[in-house]
Amino acid sequence: MMENPDSAAVKLVIAGPVGAGKTTTIRSLSETEPLSTEMPMTEAALGDKTTTTVAFDFSTVMLDEEVPLFIYGLPGQSRFQHMWPIILEGAFGVVLVLDARDEALEGTCQEWLGVLDEIVPGLPVVIGVTKTDTLEAPSLRSLRSALASKGIVLPVFTFDARNREQANHVIRALLATMA
């Protein structure tokens with residue numbers, strides 16, 4: 001699947017707001033059924049989304065024949081933020097998954113980056129923007145410009161969370177930033 005950054009097990013965290021595609025990303029990367037804590041939403045459904053992660057998602061994928069990659073998904077709702085430092089502990093990096101349809105995409109991105117940096121300063125991050133297929137003319141220009149205006153230089157990609165190859169590409173990009 002991917003090259004091993006070191007010989008021990010490695011931990012990756014998938015973070016982002018509710019409905020961005022974190023659980024879907026983990027499912028597409030997984031070789032077996034992942035552990036999921038999806039429960040019915042207690043608040044209004046988001047379109048066709050009627051469940052939400054309440055603790056975390058988890059899966060193990062083998063990087064090579066001997067090294068497991070532990071993939072954890074953060075719950076996106078702020079009421080579960082007490083879980084975030086626990087899940088982020090020991091992670092080598094984060095894929096921040098964002099929904100292209102979010103009207104406040106730039107602000108949401110900066111908010112999440114601020115929270116992640118507060119919990120684990122300097123943790124490598126790659127941004128993956130999902131659901132661009134639902135937009136007429138998707139563009140990441142405004143997101144990249146907003147980040148650059150704050151002095152933030154991070155890889156930003158579009159990807160289909162349902163597509164294993166595209167999800168792997170985002171993780172490879174994260175690994176490449178650490179090389």
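Above this text sits the structure in question.
Residues numbered from 1 in each chain as written. Predicted model: local features only at pLDDT ≥ 70, side-chain atom pairs only at ≥ 80, totals over all residues. Heavy atoms only, no water.

Asks: Help me get a handle on the environment of Ser139, residues and values and all.
Replies: Within the secondary structure layout, Ser139 lies in the loop between β7 (125-130) and α4 (141-149). Along the chain, Ser139 and Thr158 lie 19 residues apart, while their C-alpha atoms are 9.1 Å from each other. (Helix = DSSP H or I, 4+ residues; strand = E, 2+ residues; numbered from the N terminus.)

Asks: Tell me about the sheet that holds strand β1 (residues 10-15), residues and numbers included.
Replies: If you trace the six strands from one edge of the open sheet to the other, you get β4-β5-β1-β6-β7-β8, paired in mixed fashion. Strands with a single pairing partner mark the edges of an open sheet, and in this sheet they are β4 (57-62) and β8 (156-158). Strand after strand, the sheet turns through a mean of 25° between neighbouring axes, direction not considered. Where β7 and β8 come together, three bridges link them in parallel fashion. The residue of β8 that forms the bridge with Gly128 is Phe157. Its contacts with the sheet put helix α3 (residues 105-119) on β1, β6 (93-99) and β7, and the angle it makes with β6 is roughly 155°. (Pairing = 2+ DSSP bridges. Axes fitted to C-alpha atoms, helices over the stretch in contact; angles between N-to-C directions. Contact = heavy atoms within 4.5 Å.)

Asks: An account of the packing of aromatic side chains is requested, with residue identities and associated values reported.
Replies: A complete count under the given rule lists three aromatic pairs for this structure. Ring geometry for Phe58 and Tyr72: centres 4.8 Å apart, planes at 55°, overall tilted. One end of the pair, Phe58, is in strand β4; the other, Tyr72, is in strand β5 (residues 68-73), and 14 residues separate them in sequence. Both rings, one in Trp84 and one in Trp112, keep their centres 4.8 Å apart while their planes meet at 40°; by these two values the pair is tilted. Here the residue Trp84 occupies a position in helix α2 (residues 84-88), and Trp112 occupies one in helix α3, the gap between them amounting to 28 residues. Seen from the ring of Tyr72, Lys11 lies directly overhead, with NZ or CZ sitting 4.8 Å from the centre. (Phe/Tyr/Trp six-rings, centres within 6.5 Å; stacked < 30°, edge-to-face > 60°. Lys NZ or Arg CZ within 6 Å of the ring centre and 35° of its normal.)

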